[in-house]
Amino acid sequence: MEVTYTEPELEKLSGQLLDNFVEEKIWLFMGEMGVGKTTLIKSICSCLGVIDEMTSPTFSIVNEYVTEAHEELYHFDFYRMEDQNEAINIGIEDYFFSGHRCFIEWPEVITDFLPDKYLEISIKLVDVNTRHLTAAFNERNL
Ligand SMILES: Nc1ncnc2c1ncn2[C@@H]1O[C@H](COP(=O)(O)OP(=O)(O)O)[C@@H](O)[C@H]1O
Ligand SMILES: [Mg+2]
């Protein structure tokens, strides 16, 4: 899937992503700082009917959300993580293999722990209001 979008189109785009990749649990969000990864994740969360953001002890790395349908989902931002041991300490693999959706910013930092199959979403800046997104299912060749 490939699309160029502005912020008012985010809601529609989020719905399309959820429809197209309904089975995928591990979503990687790639793209430079400020390109719109968090903005897109928030929009997808609202599409999923997130009602509650649970406070987490490791808030800076993982946010846990609950939807109206009582589904849990996890939003990670590894940008500030110093080393991969921190990922082990928060029980990263328990999250990734929980069967709940995981939305991951800066997955480049924790490649050792990523599941073999994931949805990869890349966002690029077109201009100040416009972004280009590609989304594809990926399988790592080990
Ligand atoms: N089409 C767009 N999609 C997403 N964000 C956009 C778009 N156009 C402008 N923006 C702005 O770009 C910024 C993206 O910030 P953010 O989502 O925090 O980026 P990241 O998480 O990738 O660092 C926000 O200020 C947002 O308002
Ligand atoms: Mg962000």
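Residues numbered from 1 in each chain as written. Chains lettered and ligands numbered in written order. Predicted model: local features only at pLDDT ≥ 70, side-chain atom pairs only at ≥ 80, totals over all residues.

Student: Is there a simple way to explain the site of ligand 1 in this structure?
Tutor: Residues in contact with ligand 1 amount to 15 residues; listed here are only the nearest, Gly-36, Lys-37, Thr-38, Thr-39 and Arg-131. For the shell around ligand 1, the elements supplying multiple residues, two or more each, are helix H2 (37-47) and strand S8 (130-139). Here the shell around ligand 1 takes three residues from H2, the largest share from any one element. When grouped by side-chain class, the residues that make up the shell around ligand 1 number three nonpolar, eight polar and four charged. (Near = placed C-beta within 6 Å. Helix = DSSP H or I, 4+ residues; strand = E, 2+ residues; numbered from the N terminus. Nonpolar A, V, L, I, M, F, W, Y, C, P; charged D, E, K, R; others polar.)

Student: Any chance you could explain the nonpolar core here in plain terms?
Tutor: Note that soluble globular proteins tend to have their nonpolar side chains buried in a common cluster. Grouped together as the largest cluster of nonpolar side chains are 29 residues, with contacts concentrated most on Trp-27, Leu-28, Phe-29 and Ile-121. What Trp-27 contacts, discounting residues up to four positions off in sequence, is Arg-101, Cys-102, Phe-103, Ile-104, Leu-119 and Ile-121. (Core = buried A, V, L, I, M, F, W, Y, C linked by C-beta atoms within 7 Å. Buried ≥ 20, exposed ≤ 12 C-beta atoms within 10 Å, placed from the backbone. Contact = placed C-beta atoms within 7 Å.)

Student: Looking at this structure, I do not really get the packing of helix H1 (residues 10-20) against H2. What am I missing?
Tutor: If you want to describe how two helices pack, look at the angle between their axes and the distance between the axes. Contact geometry of H1 with H2 gives a least axis separation of 9 Å together with a crossing angle of 70°. The angle between H1 and H2 places the two elements in the roughly perpendicular class. Judged by the twist between their axes, the crossing of H1 over H2 is right-handed. Contacts from Leu-10, Glu-11, Ser-14, Gly-15, Leu-17 and Leu-18 in H1 reach Thr-39, Leu-40, Ser-43, Ile-44 and Cys-47 in H2. In terms of residue class, the contact of H1 with H2 is built from six nonpolar, four polar and one charged. (Axes fitted to C-alpha atoms, helices over the stretch in contact; angles between N-to-C directions. Parallel < 35°, antiparallel > 145°, perpendicular 65-115°, else oblique. Left-handed = near helix turned anticlockwise from the far one by under 90°.)

Student: Honestly, the environment of Ile-26 in this entry has me stumped. Any pointers?
Tutor: Structurally, the position occupied by Ile-26 is in strand S2 (residues 26-30). The class for Ile-26 is buried, based on 20 C-beta atoms found within 10 Å. In sequence terms Ile-26 and Ser-14 are twelve residues apart; their C-alpha atoms lie 15 Å from each other. Dropping the residues within four chain positions of it, Ile-26 is found in contact with Phe-96, Cys-102, Pro-115, Tyr-118 and Leu-119.

Student: Would you mind going over the pairing of strand S6 (residues 101-105) with me for this structure?
Tutor: Every regular strand shows the same layout, with side chains that alternate between the two sheet faces. When you tally the buried positions in S6, you get five out of five residues, the bulk of the element. Along S6, one buried face is formed by Arg-101, Phe-103 and Glu-105 and the opposite face, lined by Cys-102 and Ile-104, is buried too. As defined by bridge partners, S2 adjoins S6 across four bridges and the pair is classed as parallel. Residue Leu-28 lies in a different strand from S6, and its bridge partner there is Ile-104. Summarising the sheet, strand S5 (residues 72-77) and S6 pair through five bridges and their orientation is parallel. Looking at the pairing, Tyr-74 lines up with Cys-102 of S6. (Pairing = 2+ DSSP bridges.)

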